[in-house]
Every structure is written in structure tokens, then in C-alpha cells.
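# Structural overview for review
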Amino acid sequence: MGIIAWLVVGAIAGWLAGVVVKGGGFGVLVDIIVGIVGAFIGGWLAGILGIHVGGGMIASIVTATVGAVILLFILRLIKRA
């Protein structure tokens, strides 16, 4: 995947995760960072659990969004402690 695709997937996934977890996005830059880190988490978890989402942009966005939601949930738990 090219860098532009990574940024687009990261922005969309970060924004979607922000909507799911908090009720809104965090701004373009933070959404991209959360989405990219979420993509790594989602991909790692899918590999561990043996889940194959498929290829393409939509599958990447779904995987990254799931990972970003998990990341935001964990960050929220740490912030409360």
C-alpha cells in the first residue's frame, strides 16, 4: 500500500473509531495516527485469531477501525486509572 493509501485508511479508521468510542473525531492528524496504529493492532489480532477479512481498501478500513476502537478503549481505561 502506498503512503497516500495509508493516510487515507488511517484518517477514515481513526475518525470512525472516534465516532464509535467518543462521539466525534479528534482532528485529522490524530485520527490518522490512531487509524494507522489501529491498523497494526487490528492486523495483529486478526492474525492471532485466524480471522481473514479479505483484501482491498474496505477490508483495510474495517481492520484498522476495529484496532483503533480497541486502542481508544485501552487508552480510556489507562486515563481513568
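Here the structure is a predicted model, which means the values were calculated and not measured. (Residues numbered from 1 in each chain as written. Predicted model: local features only at pLDDT ≥ 70, side-chain atom pairs only at ≥ 80, totals over all residues. Heavy atoms only, no water.)

### Describing the UniProt feature "transmembrane region" (unreviewed entry) in the protein
We apply this condition: UniProt positions are given in the numbering used here, feature names are shortened, and annotations may be inferred rather than shown by experiment. In DSSP terms, a helix is any run of H or I states spanning at least four residues, a strand is any run of E spanning at least two, and both are numbered starting from the N terminus.
The UniProt record marks residues 6–21, 28–51 and 57–78 with the feature "transmembrane region" (unreviewed entry), using the residue numbering of this structure. The span residues 28–51 carries 92% helix and 0% strand; its end-to-end C-alpha distance comes to 29 Å.

### A few points about the packing of aromatic side chains
Aromatic ring pairs are reported here in terms of the distance separating the ring centres and the angle at which the planes meet. Selection rule: Working definition: a ring pair exists when centres of Phe, Tyr or Trp rings (six-membered ring for Trp) sit within 6.5 Å. Plane angles under 30 degrees give stacked, over 60 give edge-to-face, the rest tilted.
Applying the stated criterion across every chain yields a total of one aromatic pair. Note on W6 and F40: the rings are 5.7 Å apart at their centroids and 25 degrees apart in plane angle, and the pair reads as stacked. Residue W6 is located in helix α1 (residues 3–21), and its partner F40 is located in helix α2 (residues 28–49); the two are separated by 34 residues in the primary sequence.

### Structural notes on the side chain of T65
Heads up, the condition is: Burial here depends on accessible area, computed with a 1.4 Å probe over protein chains only, as a share of the maximum for the residue type. Under 20% is buried, over 50% is exposed, and the range in between is partly exposed. Here, two residues are considered to be in contact whenever any of their heavy atoms come within 4.5 Å of each other.
Among the secondary structure elements, T65 is positioned in helix α3 (residues 57–80). Given the relative accessible area of 12%, T65 is considered buried. Filtering out sequence-adjacent residues up to four positions away, T65 remains in contact with A13, L16 and A17.

### A short note on α2
What sets the pattern is the α-helix's 3.6 residues per turn: residues three or four places apart point alike. To keep things clear, this is the line we draw: By this rule the span expected of a helix is its residue count minus one, scaled by 1.5 Å. The arc in question is the one traced by the directions running from the helix axis out to the C-beta atoms.
Over its 22 residues, α2 runs 31 Å from end to end, which matches the ideal 32 Å to within 8%, given 1.5 Å per residue. Within α2, the full set of buried residues consists of D31, I32, V34, G35, G38, A39, G42 and A46. For α2, the arc enclosing every buried residue in end-on projection is 160 degrees, short of the 170-degree limit, so these residues lie on one face. Away from its buried face, by an angle of more than 90 degrees, α2 presents the exposed residues L29, F40, W44, G47 and I48.

### Quick notes on the environment of A11
Mapped onto the secondary structure, A11 falls in helix α1. Sequence separation between A11 and S60 is 49 residues; the distance between their C-alpha atoms is 12 Å. If near-sequence neighbours (up to four positions away) are discounted, A11 is found in contact with D31 and I32.

### Topic: the packing of α2 against α3
In plain terms, the rule: Axis lines are fitted to C-alpha atoms, over the contacting stretch for helices. Their N-to-C directions set the angle, which ranges from 0 to 180 degrees. We call two directions roughly parallel when the angle between them is under 35 degrees, roughly antiparallel when it is over 145, roughly perpendicular when it lies between 65 and 115, and oblique otherwise. Nonpolar residues are Ala, Val, Leu, Ile, Met, Phe, Trp, Tyr, Cys and Pro. Charged residues are Asp, Glu, Lys and Arg, and all others, Gly as well, are polar.
Their axes nearest at 6 Å, the elements α2 and α3 cross at an angle of 100 degrees. The orientation of α2 relative to α3 falls into the category roughly perpendicular. Facing V34, G35, V37, G38, A39, I41, G42, G43 and L45 of α2, the residues of α3 in contact are T63, A64, G67, A68, I70, L71 and L72. Partitioned by chemical class, the residues of the contact of α2 with α3 number ten nonpolar, six polar and no charged.

### Overview of a nonpolar patch on the surface
Worth spelling out the cut-off: Distance thresholds for patches are 9 Å for like charges and 5 Å for nonpolar side chains (Val, Leu, Ile, Met, Phe, Trp, Tyr), applied to residues having over 30% relative accessible area and no salt bridge. Accessible surface is estimated by sampling points in the Shrake-Rupley manner with a 1.4 Å probe; for residues, cover comes only from the protein chains shown. The term salt bridge refers to a pairing of a side-chain nitrogen on Lys or Arg with a carboxyl oxygen on Asp or Glu at a separation within 4 Å.
A cluster of nonpolar side chains, W44, I48, L49, I51, V53, I58, V62 and V66, forms an exposed patch at the surface whose accessible area comes to about 830 Å². Of all the secondary-structure elements, those providing two or more residues to the nonpolar patch are α2 and α3.

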